[in-house]
Amino acid sequence: MHLGNYLGALRQWVDAQSPDAFYCVVDLHALTLQISPEALRDQTTDLLATLIASGLDPEVCTIFIQSHVPYHAQLNWLLECVTTYGELSRMTAFKEKSQRQEGYRVGLLTYPVLQAADILLYDTEEVPVGDDQRQHLELARTIAERFNNRFGETFRVPVSTHPKVAARVMDLQEPTRKMSKSISSPLGNLHMFDTPEVIRKKIAKAVTDTDGELRFDWENKPGLSNLLEIYSSLSDETPQQVAGRYTRYGELKTDLSELVIATFAPMKERYDELLRAPDDLYKIAADGALKASAAAGGVYRRAAQAMGLTSTG
Ligand code: AMP
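If you're wondering where the values come from, they're calculated on a predicted model, not measured in any experiment.

**Quick look at the overall build of the chain**
Here comes step 1: From N to C terminus, the chain includes 13 helices and four strands.
Here comes step 2: The C-alpha atoms of the chain give 21 Å as radius of gyration, which agrees with the globular expectation for 313 residues (20 Å, within 12%).
Here comes step 3: Referenced to the eigenvectors of the C-alpha coordinate spread, the extents of the chain come out at roughly 70 × 45 × 35 Å.
Here comes step 4: Here the chain holds 313 residues, and the buried ones make up 48% of them.

**A look at helix α12 (residues 249-275)**
Here comes step 1: The end-to-end C-alpha separation of α12 is 37 Å, in line with the 39 Å expected for 27 residues at 1.5 Å each.
Here comes step 2: At A265, α12 shows its strongest bend, of approximately 35 degrees, with the proline P266 following within four residues.
Here comes step 3: Listed as buried for α12 are Y249, L252, K253, L256, S257, V260, I261, F264, M267, Y271 and L274.

**Some remarks on the site of the ligand**
Here comes step 1: The ligand sits among 16 residues. The nearest are G130, D132, V169, M179 and K181.
Here comes step 2: G4 places a polar main-chain atom, nitrogen or oxygen, 3.1 Å from a nitrogen atom of the ligand.
Here comes step 3: Contact with the protein chains removes 84% of the 480 Å² of surface that the ligand exposes when unbound.
Here comes step 4: Of the residues belonging to the shell around the ligand, the class tally is six nonpolar, six polar and four charged.
Here comes step 5: Taken together, domain 1 (3-163 + 277-307) and domain 2 (165-275) each give at least three residues to the shell around the ligand, which thus spans both.

**Description of the nonpolar core**
Here comes step 1: L7, L56, L190, L214, I230, L252 and V260 are the most contacted members of the largest nonpolar core, which totals 50 residues.
Here comes step 2: A total of nine residues in this core trace back to one element, the largest contributor, which is α12.
Here comes step 3: Here this core spans two domains, and each of domain 1 (3-163 + 277-307) and domain 2 (165-275) adds at least three residues to it.
Here comes step 4: Not counting chain neighbours up to four residues away, the residues in contact with L214 comprise L224, L228, A243, Y246, T247, R248, Y249 and L252.

**What about the domain arrangement of the chain?**
Here comes step 1: Along its sequence, the chain is organised into domain 1 (3-163 + 277-307) and domain 2 (165-275).
Here comes step 2: Centre-to-centre separation of domain 1 and domain 2, based on C-alpha positions: 28 Å.
Here comes step 3: Listed as interface residues are 26 residues of domain 1 and, on the opposing side, 24 residues of domain 2.
Here comes step 4: Of the charged contacts in the structure, one is a salt bridge between D132 and K178, with a shortest N-O distance of 2.5 Å.
Here comes step 5: For the interface between domain 1 and domain 2, the tally reads six residue pairs in polar contact (both at pLDDT 80 or more).
Here comes step 6: Of all elements in the fold, only α1 (3-16), α3 (37-53), α6 (92-100) and α13 (278-307) reach the threshold of two or more residues within the side of domain 1 that touches domain 2.
Here comes step 7: Element by element, the count of residues in the side of domain 1 that touches domain 2 is highest for α1, at eight residues.

**Some points on the side chain of T110**
Here comes step 1: Locating T110 in the fold gives a position in helix α7 (residues 106-120).
Here comes step 2: In this structure T110 comes out as buried when scored by relative accessible area, which is 15%.
Here comes step 3: Those residues in contact with T110, other than ones at most four positions away along the chain, are N76, E80 and L88.

Conventions adopted
In this convention, every chain numbers its residues from 1, walking through the sequence in written order. This being a predicted model, a pLDDT of at least 70 is required before a residue's local features are given, and a value of 80 or more before pairs of side-chain atoms are given or counted; all residues contribute to the totals for chains, interfaces and linings. Just so you know, side-chain values use all the structure's heavy atoms and leave hydrogens and water out. Per the convention used, a helix needs a DSSP run of H or I reaching at least four residues, while a strand needs a run of E reaching at least two, with both numbered from the N terminus. Throughout, the radius of gyration refers to the C-alpha atoms, and the reference size of a globule is 2.2 Å times the residue count to the power 0.38. Categorising residues by exposure relies on relative accessible area from a 1.4 Å probe, with only protein chains included: less than 20% of the type maximum marks a residue as buried, more than 50% marks it as exposed, and the intermediate range marks it as partly exposed. A helix's residues, less one, multiplied by 1.5 Å, set its expected span. For a residue, the bend is simply the angle between two axes, fitted respectively to the seven-residue segment ending there and the seven-residue segment starting there. When we say a residue is near a molecule or strand, we mean one of its heavy atoms is within 4 Å of it. By the criterion applied in these results, polar contacts are pairs of N or O atoms within 3.5 Å in which, for protein atoms, one can donate a hydrogen and the other can accept it, and in which residues neighboring in sequence qualify only through two side-chain atoms. The method behind every accessible area is Shrake-Rupley, applied with a 1.4 Å probe, and residues are considered shielded solely by the protein chains displayed. Nonpolar residues are Ala, Val, Leu, Ile, Met, Phe, Trp, Tyr, Cys and Pro. Charged residues are Asp, Glu, Lys and Arg, and all others, Gly as well, are polar. Just so you know, the domain bounds were taken from an automatic or database domain assignment. Working definition of a nonpolar core: buried Ala, Val, Leu, Ile, Met, Phe, Trp, Tyr and Cys residues. They are joined through side-chain atoms within 4.5 Å. By the convention used here, residues are in contact when the closest approach between their heavy atoms is within 4.5 Å. Each salt bridge in this description consists of a side-chain nitrogen of Lys or Arg and a carboxyl oxygen of Asp or Glu lying within 4 Å of one another.

Printed below as a string of structure tokens:
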């Protein structure tokens, strides 16, 4: 996960965790990318470790792997049958990503429906996500409302919640574009567990501007404002207060690097420790899948029956 994932989503998840909260590693969604089986396995394990190392506690909330709960793929099909092609082809993420992939697959178009299934299966009230997910969340709401209108009250209609600062962390090299796993260049993307040397290098090379004036101004100084907002979100100062303490970009960058390194160092230690015992991690995921299946099964059956699918009893 990169810094945008952490500040825009993961940190909120940790704050919001409770016995009613479900978090899943979306390995089915990862299949929309060209990914090798080995890479998918490694990244699934890696993400599971990242979630726990960041503070999600399997004793408090439910953590599982999406494909371990087959209701996700099953509900996806039911929902695809109430979603239009036009709706999906209008999604900004689809428009952007399909331009970058030759011969993109159908999954890239339909994954927002799977995402709606991920959400609706748990009678979800709130989905804490970064700004970039607003449109997909709106689609999940539209699908739920349409389904309820057509087949009777079945799904709870969710709302999304967004962080106040750093809801959209920008690419360090192209600060008018969001930091992204699939699109950012290697230097534009700051990973949570990059080594201290790499963190220092990426922040030192972050694109700013040449007028040398240190102020928070997204319109005219997107690169600098991105750094100030990242700093602010990792401290208890506003971006303006941070800007007021510096006169040179270089000093801000040096201090920001150390702040990022200090924030992630304890998580990295825990992450390394978790990865040394993958069986324990998968035990957590298996327990989580049992709890998730118990919750999701009831909602899936409700939806299937509402549509007229018969069951074996
Ligand atoms: P994804 O990278 O699409 O798997 O996103 C995982 C979570 O991170 C979602 O809740 C996104 O909204 C959030 N997220 C992704 N990129 C950013 C970003 N650049 N800034 C803030 N939040 C982000």
